Amino acid sequence: MVKAKTWIEPHPGGIYVKPADLWIDPSRPVERAAVTHGHADHARSGHGAVFATPETLAIMALRYGVDVEASHNAAFPYGEGFERGGVRFSFHPAGHVLGSAQILMEYAGERIVVTGDYKRRADPTCAPFEVVPCDIFVTEATFGLPVFRHPPTADEIAKLIGAVRAEPDRSVLVGAYALGKAQRVIAELRGAGWDAPIYIHGALEKMCQLYAAHGVDLGELRLVSETDKAEMAGQIVLAPPSALNDRWSRRLPDPVTAMASGWMRVRQRARQRMVELPLVISDHADWDELTATIEKVNPKESWITHGSEDGLLRWCELTQRKARALHLVGRDLEEEA
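Definitions and limits used
- Residues numbered from 1 in each chain as written.
- Predicted model: local features only at pLDDT ≥ 70, side-chain atom pairs only at ≥ 80, totals over all residues.
- Heavy atoms only, no water.
- Disulfide = S-S within 2.5 Å.
- Phe/Tyr/Trp six-rings, centres within 6.5 Å; stacked < 30°, edge-to-face > 60°.
- Helix = DSSP H or I, 4+ residues; strand = E, 2+ residues; numbered from the N terminus.
- Buried < 20%, exposed > 50% of the residue type's maximum accessible area, 1.4 Å probe, protein only.
- Lys NZ or Arg CZ within 6 Å of the ring centre and 35° of its normal.
- Pairing = 2+ DSSP bridges.
- Axes fitted to C-alpha atoms, helices over the stretch in contact; angles between N-to-C directions.
- Contact = heavy atoms within 4.5 Å.

Caption draft 1: Quick look at the state of the cysteines. Taken as a whole and judged by the stated rule, the model has zero disulfides. With no disulfide of its own, Cys208 lies closest to Cys126 among cysteine sulfurs, the gap being 15 Å. As a non-bridged cysteine, Cys316 has Cys134 as the owner of its nearest cysteine sulfur, 13 Å distant.

Caption draft 2: The arrangement of the packing of aromatic side chains in detail. Following the criterion strictly, the structure yields 11 aromatic pairs and no others. Seen from their ring centres, Phe76 and Phe91 are 5.8 Å apart, and the 5° between their planes marks the pair as stacked. Of this pair, Phe76 sits in the loop between β6 (74-75) and β7 (81-84) while Phe91 sits in strand β8 (residues 87-93), placing them 15 residues apart in sequence. Given a relative accessible area of 14%, Phe76 falls into the buried group. By way of ring pairs, the aromatic residues Phe51, Phe76, Phe82, Phe89 and Phe91 are connected into one cluster. Above the face of the Trp23 ring, Arg28 is positioned so that its terminal group lies 5.0 Å from the ring centre. Over the aromatic face of Trp263 sits the side chain of Arg269, whose NZ or CZ is 3.9 Å from the ring centroid.

Caption draft 3: Looking closely at the sheet that holds strand β9 (residues 101-107). The seven strands are arranged β7-β8-β9-β10-β11-β18-β19 in an open sheet whose pairing can be described as mixed. If you trace the sheet from one side to the other, it starts and ends with β7 and β19 (323-325), each paired once. When strand polarity is set aside, the average angle formed by the axes of neighbouring strands in this sheet is 20°. By the bridge criterion, five bridges tie β9 to strand β10 (residues 110-114) in an arrangement that is antiparallel. Looking at the pairing, Leu104 lines up with Val113 of β10. Helix α7 (residues 309-318) contacts β11 (136-141), β18 (301-307) and β19 of the sheet and is inclined by roughly 160° relative to β18.

Now the structure itself:
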């Protein structure tokens, strides 16, 4: 019999672990927070104490001013953790972005895993997802509908390189979220043999430097602001999605507008953003990966959150798997998908 309701309380703003008096990914400042990763819909400033992986704490320091040296904050490498109130917490790779973790909680003979966000595809910028056996599996459902089946990443990168070579007098401007997606696109390009300098918006510089400091080789990066317009013809440029149709893009030679996101599977979203080259590159599991992961973990119950909860919930019902939707709030930053 699942006993979690006696010690775990899902709230719209996060998950509260009662014996430990601690929240997981809370949307408001709390006394103690365990954080799965550094995206703004999971991490924030203002907590009394933060428990996370070293990489996530470094990201939170850069983005939100969290003091990684403060004694009340603590960093735990994958496979390690801490105990509080009789609950044993440990951090395990989620495969989403640098430092992203699933949080395993063990209490009174029960195991609960909160995945945060995760993906199952290989990613040269972060550790791969680890299957962690548990009684309750708290899974995201960003792409929890059968229509979302991501193509091979290598095919999308080949499409990007092909677009550059097809029009050497133009640049290709790729919209990519500043944490995770931008660095992954760069690393995937390097893996595909693109060894030319890659040009970036200034808003990406510090996060790319943080990735490099943690051993992720991104090759030569150059700032658009320090480059002549003509030099960027026939080159790849990365910027936050908000810059795609901004005045900033006038610095580039007749750019082809691209965007890297799982949402580019939906043509209407590409048209709304005036994207000429949609690249279906996602940092979240697609439908097949979500369902396969639940099958592999094989929990007694799945708790589904942030995304197409009803679609994944229905699949669980049809396959006779116990499940519930949590309806957490504030988990909708589509650019990082």
